[in-house]
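Read off the chains here:
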Amino acid sequence: MEISDQSILEPLFSGWEETMIWSCLQGIMGRAYADDGADPQSAQVVLGDFCFFSGKPDKELIRNKPSGRESDFIIMVPRDDKWASAIEEVWQSQAKKMTRYAIKKNPNGFDREHLEKIVEQLPAPFSLRMIDRELYNQIMAESWSRDLCSQFDGYEDYKRRGLGVAALVEGQVVSGASSYTVYNGGIEIEIDTRADYRRRGAALACGAKLILECLNRGLYPSWDAQNLGSVALSEKLGYTFDYEYIVYEIRGY
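Here is what the cut-offs are and how they apply
Going along each chain's sequence as written, the residues are numbered from 1 onward. A pLDDT threshold of at least 70 governs which residues receive local features in this predicted model, and a stricter bar of 80 or more applies before side-chain atom pairs are shown or counted, although totals over entire chains, interfaces and linings include all residues. Note that the side-chain values use all heavy atoms of the structure and ignore hydrogens as well as water. Paired strands are those between which DSSP finds at least two bridges. Here a helix means four or more residues in a row that DSSP labels H or I, a strand means two or more in a row labelled E, and each is numbered from the N terminus. Partly exposed residues are those whose accessible area sits between 20% and 50% of the maximum for their type, while under 20% is buried and over 50% is exposed, using a 1.4 Å probe and protein chains only. Note that His is not counted, nor are the chain ends; the positive residues are Lys and Arg, and the negative ones are Asp and Glu. When a carboxyl oxygen of Asp or Glu lies within 4 Å of a side-chain nitrogen of Lys or Arg, that pair is called a salt bridge. The definition of a polar contact used here is a pair of N or O atoms within 3.5 Å, where within protein one atom must be able to donate a hydrogen and the other to accept one, and adjacent residues in sequence count solely through side-chain atom pairs. We call two residues contacting when some pair of their heavy atoms lies within 4.5 Å. Axes here refer to lines fitted to C-alpha atoms; in helices the fit is confined to the stretch in contact. Angles between the N-to-C directions go from 0 to 180 degrees.

Here we look at the sheet that holds strand β5 (residues 95-103)
In space, the 7 strands of this open sheet follow the order β1-β2-β3-β4-β12-β5-β11, with mixed pairing throughout. A single partner strand is all that each edge strand has here, and the edge strands are β1 (31-34) and β11 (224-225). Bridge count between strand β2 (residues 42-47) and strand β3 (residues 50-55): 6 bridges; the pairing is antiparallel. Paired with V45 across the strands is F52, a residue of β3.

Points about the side chain of D58
Note that D58 resides in the loop between β3 and α3 (59-63). Buried and unpaired, D58 has R63 as its nearest opposite-charge partner, separated by 6.7 Å. Separated by 2.9 Å, the side chain of D58 and the backbone nitrogen of E60 make a polar contact. For D58, the residues in contact, after removing those within four places along its chain, are D35, S42 and W83.

With respect to the sheet that holds strand β7 (residues 164-169)
Judged by pairing direction, the sheet is mixed, and its 5 strands sit side by side in the order β6-β7-β8-β9-β10 without closing on themselves. Unpaired on one side and paired on the other, β6 (127-130) and β10 (220-222) mark the two borders of the sheet. Ignoring strand direction, the axes of neighbouring strands in this sheet form an average angle of 30 degrees. The sheet contact formed by strand β9 (residues 186-193) and β10 spans 3 bridges and is parallel. Bridge pairing in β10 places I187 opposite P221. The strands that helix α6 (residues 133-141) touches are β6, β7 and β8 (172-183); relative to β8, the one it contacts most, it runs at about 95 degrees.

Shown next as structure tokens:
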């Protein structure tokens, strides 16, 4: 069943330092489900392309797809090996086992001068600009960049709760760093670059600028890495790798 008072699930997710879970349990973004509304033993949190499971493994929850969800792709994140085994049993060949990389959350780990230097050294032909309505519309019109802003209900919602930086070439967005999701006290960073502009310093500068903007606002810029390239980028910005964890990419969800 869907849970409207997500805070009831806090004991099941206790100790899991994943900001998308926090977003949902705080009632800010996402949807939550459990096996029981009064005394839940198994829980599912769904936000964006991600789905988190905790408590006692429950195959019905693993099969559960939120009503109204159109995408047939999702990344399932098991709390432990028992959940992982259950996901494999339910989804079988549709479940692609992958490794992601958690980054330590250290609010005091950033060097402002270093980040400012990265921004200042952005090479030509790039220029940086905070994401406004015009850039938001550009971003949402392209498949490569849509994840930068896609979890918000239109530009007004993004303007109110989101935060982002874009790198432009001749007025066109070619890279960006933005709030994939938000939670009380911070954001989860999403960084994307158009294929023909990668490895030219744009993503690094966007990331540095976004972190500085977060620090100025008293927000924590949380980072989670899809691959080792993302880990390396995060380390250039002052983050520290924490641990690897297993996820399952599900197609045909």
